[in-house]
Amino acid sequence: MFSVEISKVIIKIIMNTADKIEIVICLGSSCFSRGNKSMVKQIDDYIKAHRLTERVFYHGSHCFGACEKGPVMRIGNNFYYQVTPENLHKILYDNFGY
Ligand code: FES
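Model, not experiment: these values are computed from the prediction.

(A) Spotlight on the overall build of the protein chain. When helices and strands are tallied, the protein chain shows three helices and four strands. Classification of the 98 residues of the protein chain by burial places 16% in the buried group. Here the analysis covers contacts within the protein chain between residues at least 6 apart in sequence; of these, 65% occur between residues at least 24 apart.

In structure tokens form, the structure reads like this:
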């Protein structure tokens, strides 16, 4: 059972992320070595440049179980495979219009 303070933190996180679009980048070892490492900053820069911080919940994840299709990321319910620095901008544009 959680303490009252931990429960408050969990509720705060849920309330802050409930209405946000989730961007999840796989940080598993395979995706990381295939290039997600460089895209972590690219995505962060994109979010800041387009002032999406209030609309987006951006975070990393453990392996999605699709290593052979990596690098993998997810935006909302959509998975993107073989993401590269070259096709990343189109993926973000298709989702956010910038
Ligand atoms: S390490 Fe990314 S899908 Fe497995």
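(B) Structural context of the pairing of strand β1 (residues 21–26). Alignment of β1 against strand β2 (residues 56–61), held across six bridges, turns out to be parallel. Within β2, the residue paired with Val24 across the bridge is His59. At this point the chain moves from β1, through helix α2 (residues 29–49), to the parallel β2, and the crossover so formed is right-handed. With three bridges connecting them, β1 and strand β3 (residues 73–75) associate as antiparallel partners. Considered in β3, the bridge of Ile23 is made with Ile75.

Calculation criteria
- Residues numbered from 1 in each chain as written.
- Predicted model: local features only at pLDDT ≥ 70, side-chain atom pairs only at ≥ 80, totals over all residues.
- Helix = DSSP H or I, 4+ residues; strand = E, 2+ residues; numbered from the N terminus.
- Buried ≥ 20, exposed ≤ 12 C-beta atoms within 10 Å, placed from the backbone.
- Contact = placed C-beta atoms within 7 Å.
- Pairing = 2+ DSSP bridges.
- Right-handed = clockwise from strand over helix to strand, strands pointing away.

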